[in-house]
There are 2 protein chains.
Amino acid sequence: MKFKAEIDVMPHDALLDPQGKAVTQALSSIGLTEVEGVRIGRHIRLFVEASDENSANALVNEACQKMLANAIMESYSFSIEVA
Amino acid sequence: MKFKAEIDVMPHDALLDPQGKAVTQALSSIGLTEVEGVRIGRHIRLFVEASDENSANALVNEACQKMLANAIMESYSFSIEVA
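Residues numbered from 1 in each chain as written. Chains lettered and ligands numbered in written order. Predicted model: local features only at pLDDT ≥ 70, side-chain atom pairs only at ≥ 80, totals over all residues. Heavy atoms only, no water.

Attention now goes to the pairing of strand S2 (residues 35–49) of chain B. The pairing of strand S2 (residues 35–49) of chain A with S2 of chain B spans 11 bridges and is antiparallel. Bridged to Glu 36 of chain A within S2 of chain B is Phe 47 of chain B. When strand S1 (residues 2–11) of chain B meets S2 of chain B, the two strands line up antiparallel, connected through eight bridges. Bridging from a neighbouring strand, Glu 6 of chain B pairs with Arg 45 of chain B of S2 of chain B. (Pairing = 2+ DSSP bridges. Helix = DSSP H or I, 4+ residues; strand = E, 2+ residues; numbered from the N terminus.)

Right, here's the structure in full:
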């Protein structure tokens, strides 16, 4: 079966996010002063071939740990559905 | 009220995504051959001060159109919840 995974990789809350801070200020400067606390990470969509949802979960988890996320600076979360 | 928005900005399906393609190949090279079709975009989390959910929606939409997404190359989607 083919599964689709939607993965979010975000900088840890304890870390500064200069890109997000710059975007917060830029949004404010174009009039969107209601916006605050912008943090920017990556969104990754991928497909995985697996026999069942548990295996798909394990594969996506492995991909995140080995390559997609840097555990020192980032945390990740994902959802899986049948593609 | 304060609302939290989770925004995904992804390259249009019709466009090539060289970064995603490179990651697909890299995952395959470390043994994760079950993974395919990786596409990489941005995940943005932000907070917005608004009187109700409709206003928050409108503000986030405006932020996406004016700054967070490049409509020519990217599409965006978001969800909002009370922070």
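This brings us to the interface of chain B and chain A. Size of an interface: often given as the accessible area lost when the parts come together. Each partner contributes residues to the interface: chain B has 31 residues there, and chain A has 31 residues. Summing both partners gives a buried area of about 2,700 Å² for chain B against chain A, and 68% of it is carried by carbon and sulfur. When the area that chain B buries against chain A is broken down by residue, the three leading residues are His 43, Arg 45 and Met 67 of chain B, summing to 20%. Counting every contact that joins chain B to chain A gives two salt bridges. The salt bridge partner of Lys 2 of chain B is Glu 36 of chain A, with a shortest N-O separation of 2.8 Å. Viewed at the interface, chain A and chain B are joined by 12 residue pairs in polar contact (both at pLDDT 80 or more). (Contact = heavy atoms within 4.5 Å. Buried area = accessible area lost by both parts, 1.4 Å probe. Salt bridge = Lys/Arg side-chain N within 4 Å of Asp/Glu carboxyl O. Polar contact = N/O pair within 3.5 Å; in protein donor to acceptor, adjacent residues only side chain to side chain.)

Here the focus is the layout of surface pockets. All names here are of chain B. Size it by volume and the largest pocket reaches roughly 160 Å³. In terms of lining residues, the largest pocket is bounded by 13 residues, among which Pro 11, Asp 17, Ile 40, Met 73 and Glu 74 are the most central. Looking at the lining of the largest pocket, the elements that each hand over two or more residues are S1, helix H1 (18–29) and S2. Here the lining of the largest pocket is built from residues that sort into eight nonpolar, two polar and three charged. (1 Å grid on protein atoms, 1.4 Å probe; cavity = no way out; pocket = protein on both sides within 12 Å on 5 of 7 lines; lining within 4 Å. Points joined across faces, edges and corners; volume = space filled by probe spheres on them. Nonpolar A, V, L, I, M, F, W, Y, C, P; charged D, E, K, R; others polar.)

Side chains of Leu 15, Ile 72 and Met 73 of chain A sit close together on the surface and give an oily, nonpolar patch of about 310 Å² of accessible area. Within the secondary structure layout, Leu 15 of chain A lies in the loop between strand S1 (2–11) and helix H1 (18–29). (Patch = residues over 30% accessible without salt bridge, like charges linked within 9 Å, V, L, I, M, F, W, Y side chains within 5 Å. Areas by Shrake-Rupley, 256 points an atom, 1.4 Å probe, with all protein chains shown as cover.)

Distances and angles like these do not, on their own, reveal function.
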